[in-house]
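Chains, contacts and geometry: an overview
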Amino acid sequence: MYEARISRNHPAAFLILIDQSGSMSEPTTFHGRRMSKSEAVALTVNMLIDELLNRCKREEGYRDYFDIAVQGYHGDRVVSLWGDPERTFMRPSELAGAELCRVDVQQERTLPGGKTVVSVISQKIWVRPLASDKTPMYSALRRCHELCSQWCARRSNRESYPPTIFNITDGESSEGAESIRKLGTDDGTALLINIHICSDESRRQVLFPMSEQELPEQRYARLLYRMSSTMPDIYGESIVRLRGGGDGPFRGMSYNAGMTELVSMMDIGSVSANLLF
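Residues numbered from 1 in each chain as written. Predicted model: local features only at pLDDT ≥ 70, side-chain atom pairs only at ≥ 80, totals over all residues. Heavy atoms only, no water.

We now examine the nonpolar core. Counting residues in hydrophobic clusters, the biggest one holds 54 residues, and the most contacted among them are V45 and F66. Within the residue set of this core, elements represented by two or more residues are β1 (12–19), α1 (37–56), β6 (66–74), β10 (164–169), β13 (191–197) and α7 (259–269). In terms of residue count, α1 provides more of this core than any other element does, 10 residues in total. Every residue in contact with V45, bar those within four places of it in the chain, is listed here: I16, I18, V70, V127, I168 and M266. Listed in part, the 29 residues of the second largest apolar core include A13, L141, W151 and A177. (Core = buried A, V, L, I, M, F, W, Y, C linked by side-chain atoms within 4.5 Å. Buried < 20%, exposed > 50% of the residue type's maximum accessible area, 1.4 Å probe, protein only. Helix = DSSP H or I, 4+ residues; strand = E, 2+ residues; numbered from the N terminus. Contact = heavy atoms within 4.5 Å.)

Here it is in structure tokens:
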């Protein structure tokens, strides 16, 4: 299980749910710059989309190894965040050249000797930030179930790697995930990775916990744990490096993650993208 190779005939699906409620306007720090959580999350998602497209790029153009959907939720709305809101899953050949704009982004990286190097890159933007109203997570999970169910039901996807879902939120979790985790392909059930983010760096972060006991005595933290998928072995080595130890099994979730940890969680969650023919 979780071994299917990704090809144009058997693409992999990534579905990203983004909390766009009013609390996402709170400030945070990302790549050394102050910005809102909504801006940092949108930038992270755009970076992931760009990376997925880069993995599909060949001399003749972009090969459609992935189906990618991005849904935002706030107030009573759950909407596609592509330039064309009528589109749900889009493929690399459709996304290439369809970015809304480009922005200069400052990036910091630490060299092996410990020196920090700052560079500026031109980042393609497909998804714009928004922060407004309440957090309709239950509606977002229902929409996620609908989209994943449709994708898994396609005959051409039965032999594909199962869908990977990222739910990025700073709010309270809700029921509704069990039905998503029952969906899947012949290669396994869908992987739901819940990433709870927080701009308060003093709060203890929990990344890919092995048990509920690693989480604070907080009902919503425990519920988020139970909502999340158990991560297959293919992710184990990367998770151990991030956590600094542990022997699993790990749950696909974080609690009080900062922006750097958000990037790491999404990098690990997209490990399946390495299974290209």
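Below, the discussion takes up the packing of aromatic side chains. Scanning the model with the defined rule gives 2 aromatic pairs in all. Each ring, one from Y2 and one from Y161, has its centre 5.9 Å from the other, and the planes form 65°; the classification is edge-to-face. Separated by 159 residues along the polypeptide, Y2 in the segment before β1 and Y161 in the loop between α3 (137–153) and β10 bring together distant segments of the chain. As far as burial versus exposure is concerned, Y2 and Y161 are alike and both buried. (Phe/Tyr/Trp six-rings, centres within 6.5 Å; stacked < 30°, edge-to-face > 60°.)

So, about the pattern of salt bridges. On inspection of all chains with the given rule, the structure shows 16 salt bridges. Linking E237 and R241 is a salt bridge whose minimum nitrogen-to-oxygen distance equals 3.2 Å. Taken together, the residues E237 and R241, both in helix α6 (residues 236–243) and 4 residues apart, mark about one turn of the helix. Side by side, E237 and R241 carry an identical accessibility label, which is exposed. Residues joined in a network through salt bridges with shared partners are E212, E217, R222 and R226. (Salt bridge = Lys/Arg side-chain N within 4 Å of Asp/Glu carboxyl O.)

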